[in-house]
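# Residue-level structural notes
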Amino acid sequence: MMLEVKNLSVRNGEKTILDRISFSVDEGQWLMIVGPNGAGKSTAINAITRGVDHTGEIWFEGEDTERKKPAELARCMGVLMQNHAASYSFSVEEVVALGRYSHSSGFLTQHDDKRKDAVDSALALTGLTEKRRQSILTLSGGELQRTFLAQVFAQDPKLLLLDEPTNHLDLIYQKQVFELISDWLKKPGRAVISVTHDLSLAKAYGTKILLMNHGTIVAYGEAKEVLAPEYLEQVYQMDVYEWMKKMLSQWTETR
C-alpha cells in the first residue's frame, strides 16, 4: 500500500471539516476525490501534506508520515494547486528547477546529481523545452499551469496530489494537463490523488473514486460503483445522470 489514511479528522473551532475519513491508494492508481463545495475535498489534501492540523493517521509505504522531515515528505509527495501567483520574473526553467530543492544536500549546498536530467525531462514531458528561458510573466494560463506541473515532475515524487489542477483553464489546457498526468502515472511506483468538481473527468481518468459530502465519505471504490445514480442524487440533490445525458444530447444531435 502506498498511502493509507486512517480516521482523518480536521476541526476549525467547533466546526468539523473532516470527520474520521479513511481510504488508501496503491501504486498505479488514480484516486479522484469528488463532491460539492464544502465537502472537505481540499482539506483532505492539505491534511495529507501536513498543511493543516489534524487527527488520525497517515501512512506512506508503511511509515507514519509524522515521523518524516519536511524534505523527506517532499521527496515522497508532490502537490499541484489550482492557483499560482506569478509576480516574479523567473524563467520557466528556474521555476521547474525549484522542484529539486528537497533533493539538495543542505540549505547552503545545492548539490544534486540528477538536477539537470530531472529538469530537462520535466520540461520535455510538459512540452516546455523551447520556453525554458522565457519569463513566467509572459505565459498563458495553460502554460503557467504546465510549468508548475513540470516543477512537480522534476521533484520526482511517488505520489502526486492535485487540487483542482485544471480549474479555470480552457478545455484544451484541461485535456493537456490530464493527459500529461496520465502519461506520468504509467511509470511503475507512482500514484495520483486528485480533487475535482468535474464528474466526467473523474469518470474518464479515475481508477478509484472517493465521494464526499459534509466532511464524510458517502461512497468509496471503483468508479462505476461510486458514481452510481443513488449516491450522486444523495450528494447533489438532483438526478445527475439525467442532467449529464441532457448535456450530451446537445452535442450528439448536431453530428
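Please refer to the structure placed before this passage.
Report follows, based on the coordinates. The residue numbers shown here count from 1 along each chain, following its written sequence. Per-residue local features of the predicted model are confined to residues with pLDDT of at least 70, and side-chain atom pairs are confined, for both listing and counting, to 80 or more; whole-chain, interface and lining totals are unaffected and use all residues. Calculated side-chain values reflect all of the structure's heavy atoms, with hydrogen atoms and water omitted.

Helix and strand definitions follow DSSP, with helices as H or I runs of at least four residues and strands as E runs of at least two, each counted in order from the N terminus. With respect to the element layout, Val5 can be found in strand 1 (residues 3-12). Only protein chains enter the accessibility calculation, which uses a 1.4 Å probe; a residue is then buried when its area is under 20% of its type maximum, exposed when over 50%, and partly exposed in between. The buried category is assigned to Val5, whose relative accessible area is 1%. Separated by 53 residues in the primary sequence, Val5 and Ile58 have C-alpha atoms spaced 4.6 Å apart. Whether two residues are in contact is decided by their heavy atoms, any of which lying within 4.5 Å being enough. Apart from the residues within four sequence positions on either side, Val5 is in contact with Ile21, Ser22, Phe23, Ile48 and Glu57.

Only Phe, Tyr and Trp rings are paired, with Trp represented by its six-membered ring, and only when their centres lie within 6.5 Å; those with planes under 30 degrees apart are stacked, over 60 edge-to-face, the remainder tilted. Tallying each qualifying case throughout the model produces 5 aromatic pairs. Here the aromatic rings of Phe153 and Trp184 are separated by 5.9 Å at their centres, their planes lie at 5°, and the arrangement is stacked. Here Phe153 is found in helix 5 (residues 141-155), whereas its partner Trp184 is found in helix 6 (residues 171-185), with 31 residues between them in sequence. Residue class for Phe153 comes out buried when judged on its relative accessible area of 7%. Their ring planes at 40° and their centres at 5.2 Å tell us that Phe178 and Tyr205 sit as a pair that is tilted. Of this pair, Phe178 sits in helix 6 while Tyr205 sits in helix 7 (residues 199-205), placing them 27 residues apart in sequence. Look at Phe178 and you get buried, because its relative accessible area is 1%.

Our focus in this paragraph is the sheet that holds strand 10 (residues 216-221). Pairs of strands are assigned from DSSP output, requiring at least two bridges between the strands. Here we have 6 strands laid out as an open sheet, ordered 6-7-8-3-9-10, and mixed in their pairing. Edge strands, defined here as strands with exactly one partner in the open sheet, are strand 6 (77-80) and strand 10. Sheet twist, expressed as the average angle between the axes of neighbouring strands with direction ignored, equals 15°. Where helix 1 (residues 41-48) meets the sheet, it contacts strand 3 (30-34), strand 6, strand 7 (159-163), strand 8 (191-195) and strand 9 (208-213), and its direction lies at approximately 140° from that of strand 8. Fitting a line to C-alpha atoms yields each axis, with helices limited to the stretch in contact; the angle taken between N-to-C directions then spans 0 to 180 degrees.

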